[in-house]
Amino acid sequence: MNLKLNRLKYGIPILIIILFIILAKDKAQPKCTAIPTPAILNTSEADGSTVNLTWTNGQNSQMTYLNVSTSQSTKPDGSLEDPDIVNDAVTNKTSYLKSNLMPGTYYWNVVTDACKQRKVSELKSFTIQPTTKADCELTPAVLNTPVIKDSTVTFSWTNDQNTEASYINVSSSNEINDNGVLQTVDIANDVVSNNTSFTKENIASGTYYWNIASDGCGQRKISELGTFSIE
């Protein structure tokens with residue numbers, strides 16, 4: 001009996017201390033009762049291939065994110081489904097500069113998180129116009145002979161000075177469409193902007209075809225069709 005009384009004598013104060021600590025922590029936690037409001041988007045300003053996006057943050061925002069996409073598809077909460085251009089935290093910011101955009105239409109919004117709630121701004125769009133300089137003319141890339149070592153191939157080429165973006169296509173078929181683009185790009189289909197070489201490893205024996213698509217001056221040019229063989 002005395003042992004039980006002693007346990008009770010020391011156990012009660014310990015329980016009181018634990019309860020006091022729990023209550024103190026709970027009191028120290030800030031109560032999040034302010035409801036956030038969505039950000040308000042301003043009109044975007046596009047200059048050439050650069051856009052300046054600005055907005056006004058909503059009230060009570062804790063975290064904000066900027067999403068920019070080539071697709072206007074959205075999730076059920078209103079945020080962009082595939083923010084393939086920009087998906088960045090912009091907390092405490094109200095502007096964002098994005099450069100080197102290809103001509104086309106883009107979609108953007110701002111996501112606000114606070115008090116375990118999410119508010120999404122309206123969806124807006126902007127357009128990057130093609131270059132219209134009268135003196136800007138693009139010529140196709142000039143292919144060099146691929147360098148082959150075992151199953152590794154190094155491609156190289158020379159870009160026109162007005163090239164803004166370029167893509168390499170490598171195929172096991174020489175079938176091309178009316179625009180000169182390879183119909184099947186089963187070996188390589190990669191962005192090679194600002195590069196003049198590309199290496200592909202582990203290519204099986206056979207004959208292959210390749211070319212370079214170049215964008216610039218609001219135009220697209222396709223190089224001649226090159227070929228090589230792996231023994």
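Our subject is the structure listed above.
So, here's what we can say about the structure. All of these numbers come straight from a predicted model, not from anything done at the bench. (Residues numbered from 1 in each chain as written. Predicted model: local features only at pLDDT ≥ 70, side-chain atom pairs only at ≥ 80, totals over all residues. Heavy atoms only, no water.)

### Focus: the state of the cysteines
What is meant by a disulfide is a covalent connection between two cysteines, made through their sulfur atoms. Heads up, the condition is: Note that a disulfide, as used here, is simply two cysteine sulfur atoms within 2.5 Å. Going along the chain from the N terminus, every DSSP run of H or I of four or more residues is numbered as a helix, and every run of E of two or more is numbered as a strand. When a residue's accessible area, from a 1.4 Å probe over protein chains only, is under 20% of the maximum for its type it is buried; when over 50% it is exposed; and in between it is partly exposed.
Scanning the model with the defined rule gives one disulfide in all. Here Cys136 pairs with Cys217 through a disulfide, and the sulfurs are 1.7 Å apart. Looking along the S-S bond of the Cys136-Cys217 disulfide, the torsion reads about -65°, which is the left-handed sense. Linking Cys136 in the loop between strand S9 (124-128) and strand S10 (142-143) with Cys217 in the loop between strand S16 (206-216) and strand S17 (219-222), this pair joins segments that are 81 residues apart in sequence. In terms of burial, Cys136 and Cys217 fall into one category: buried.

### Thoughts on the pairing of strand S7 (residues 104-114)
Rule in force here: By definition, two strands form a pair when at least two bridges between them are found by DSSP.
A large share of S7 lies buried, amounting to nine of its eleven residues. Strand direction decides the pairing type here: strand S4 (residues 63-69) and S7, joined by seven bridges, are antiparallel. By the bridge assignment, Asn67 is partnered in S7 with Asn109. The sheet contact formed by S7 and strand S8 (residues 117-120) spans four bridges and is antiparallel. Opposite Val111, over in S8, you have Val120 as the bridge partner.

### Considerations on the packing of aromatic side chains
The following threshold applies: The aromatic pairing rule takes the rings of Phe, Tyr and Trp, using the six-membered ring of Trp, and pairs them if the centres are within 6.5 Å, calling planes under 30 degrees apart stacked, those over 60 edge-to-face and the rest tilted.
On inspection of all chains with the given rule, the structure shows five aromatic pairs. Through a chain of ring-to-ring contacts, the aromatic side chains of Phe155, Phe198, Tyr208, Trp210 and Phe228 assemble into a single cluster.

### A look at the environment of Ser171
Worth spelling out the cut-off: Polar contacts here mean pairs of N or O atoms no more than 3.5 Å apart (in protein, one a potential hydrogen donor and the other a potential acceptor; neighbouring residues in sequence count only if both atoms are side-chain atoms).
Note on placement: Ser171 falls in strand S13 (residues 165-171). Accessibility expressed as a relative area gives 0% for Ser171, which makes it buried. For the pair Ser171 and Ala188, spaced 17 residues apart in sequence, the C-alpha to C-alpha distance is 7.0 Å. Here Thr184 takes part through its backbone oxygen, which lies 2.4 Å from a polar atom of the side chain of Ser171.

### A short note on the environment of Ala89
Let me state the cut-off plainly: Whether two residues touch is decided by their heavy atoms; if any such pair falls within 4.5 Å, the residues are in contact.
By the secondary structure assignment, Ala89 is in strand S5 (residues 86-89). Considered as a pair, Ala89 and Met63 are 26 residues apart in the sequence and their alpha carbons are 7.5 Å apart. Those residues within four positions of Ala89 in sequence are excluded, and the remaining contacts are Thr64 and Tyr65.

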